[in-house]
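Overview (structure and organization)
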Amino acid sequence: MMAARLHVGERALRMESVPIPEPGRGQVRIRVAAAGVCLSDVHLIDGTLTPLYLPGDVVTLGHEVAGVIDAVGDSVDGWQPGQRVLLQAGERDRRGTVLTRGVDYDGGWAEYALAREDTVVLIPDAMPFEHACIIPDAVSTPWAAVIDTARTRPAEAVGVWGVGGLGAHAVQLLLLVGAAPIIAVDPLPAARDRALTLGADVALDPRDDSFRDALLEATNARGLDVAFDFAGVPSAREQALTVLGRHGRLVLTGIANQPVTIPSDSRFNYSRQTVLGHYGSEAEHVDQLVALANQGRLDLTASISDVLPLSDAEEAVRRVQDKQGNPIRLILRP
């Protein structure tokens, strides 16, 4: 089969012919129908991120994967060929270490992929594979940030810094839980327009001299209850801290690998503000989102910016890296 393989030492992505994997005990094999291209994949290629637990030097990328079960291994209970499924973005090993698909073990930028049976999630017949594959990570990461880390409540004023692959979904999900107003913050006009289309009440340019006044006007001068950094940019965190209200929470979802500086501890303490770290999601978040999409509460149609053949994986990476067309998600189809 063909697979997009990252040679970590060289930081080189190559399309290679490799043997079709055989499912072992407790594993299923899926015929991949769709796989998302994430900024994390770009960072693995450019060296910003490095696999922590990869046993070798080469890995098939792709942690957002959906398809059809093709074969099952020994002792697999409840799964059979022909079922439509998505794969969780990772799994825990026996020691509790979180391993990421397409990072620490082979992922879904391939014609076939293996998955441990407890990381497989059934999807409805009506759900497009292109929608299903992005639920783990692109949708579940902001969902977990919104409902668990931030514990966002109805009518809370929220700000979303960065309306890209994660932030665009955050806007939709915040609307779903009743946050108001939802204020999108992004320097790109196209991203701000997209945020308004998806349900944001206000879209602001962080570089605008009137930014603070506009945000305070939108929140009736009380500031934000929750600020989400989906950009992973130090300046976004610094700006968000200046417009947090009393008991305001700053949630760091983007990763900048930089210090977080609180400009005034007296104001921070007096207002009882908090800074919260966030990473990924849990299995139940994916299950919740599949159910919400199946009930018609979550429409991911606008999230699919384009679908490319697997052979164009390098082109897809370049488009994400260059933000060509301001994509939410590009999809690879074997």
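Heads up: these notes are all about the structure in this document. (Residues numbered from 1 in each chain as written. Predicted model: local features only at pLDDT ≥ 70, side-chain atom pairs only at ≥ 80, totals over all residues. Heavy atoms only, no water.)

**Let's talk about the pattern of salt bridges**
Inclusion rule: Each reported salt bridge corresponds to a side-chain nitrogen of Lys or Arg within 4 Å of a carboxyl oxygen of Asp or Glu. Numbering of helices and strands starts at the N terminus; helices are DSSP runs of H or I of at least 4 residues and strands are runs of E of at least 2. Three exposure classes are used, based on accessible area relative to the maximum for each residue type with a 1.4 Å probe and protein chains only: buried under 20%, partly exposed in between, and exposed over 50%.
The full count for this structure, using the stated rule, is 20 salt bridges. A salt bridge links Asp106 to Arg5, with the shortest nitrogen-to-oxygen separation between them at 3.0 Å. In this pair, Asp106 is assigned in the loop between strand S8 (98-100) and strand S9 (112-116) and Arg5 in strand S1 (residues 2-7), connecting sequence segments 101 residues apart. Owing to a relative accessible area of 38%, Asp106 belongs among the partly exposed residues under this scheme. When its relative accessible area of 15% is taken as the criterion, Arg5 is described as buried. Across the pair Arg207 and Asp205 runs a salt bridge, and its minimum N-O distance is 3.1 Å.

**Re empty space enclosed by the protein**
Defined as follows: Two kinds of site are reported from a 1 Å grid over the protein atoms alone, namely cavities, where a 1.4 Å probe fits but cannot get out, and pockets, open sets with protein on both sides within 12 Å along at least five of seven lines, and residues are called lining when an atom falls within 4 Å of a point. Grid points are joined across faces, edges and corners, and a volume is the space filled by probe spheres set on the points.
Under the defined criterion, the tally for this structure stands at one cavity of 30 Å³ or more. If you add up the space inside the largest cavity, you get close to 30 Å³. If you trace the largest cavity, you find it lined by Pro234, Arg237, Glu238, Leu241, Pro259, Val260 and Thr261.

**Here's the deal with the layout of surface pockets**
Going by this rule: Basically, the charged four are Asp, Glu, Lys and Arg, the nonpolar ten are Ala, Val, Leu, Ile, Met, Phe, Trp, Tyr, Cys and Pro, and anything else, Gly included, counts as polar.
Counted as a void, the second largest pocket has a volume near 150 Å³. For the second largest pocket, the full set of lining residues is Pro124, Ala126, Met127, Pro128, His131, Ala293, Asn294, Leu298, Asp299 and Leu300. Broken down by class, the residue content of the lining of the second largest pocket amounts to seven nonpolar, two polar and one charged.

**Quick word on the environment of Ile135**
Keep this limit in mind: In what follows, a contact means two residues having at least one pair of non-hydrogen atoms within 4.5 Å.
You can see Ile135 is positioned in helix H2 (residues 129-149). Spatially, the C-alpha atoms of Ile135 and Val158 are 22 Å apart, while their sequence positions differ by 23 residues. Residues within four places of Ile135 in sequence aside, it is in contact with Leu86, Met127, Ser140, Val286, Leu289, Val290 and Leu300.

**Description of the nonpolar core**
What counts here: Buried Ala, Val, Leu, Ile, Met, Phe, Trp, Tyr and Cys residues form a nonpolar core when they are joined through side-chain atoms within 4.5 Å.
Ranked by internal contacts, the top residues of the largest apolar core, which has 47 residues, are Leu86, Ile134, Ile135, Val139, Leu174, Phe228 and Leu289. Where this core is concerned, the elements lending two or more residues are strand S5 (65-72), H2, strand S11 (158-161), helix H3 (167-177), strand S12 (182-185), helix H4 (189-198), strand S14 (224-229) and helix H8 (283-294). Ranked by residue count, the leading element in this core is H2, at 10 residues. Excluding residues within four positions of it along the chain, Leu289 makes contact with Ile135, Val139, Ser140, Trp143, Leu173 and Leu298. Grouped together as the second largest cluster of nonpolar side chains are 34 residues, Ala4, Ile30, Val65 and Val76 included.

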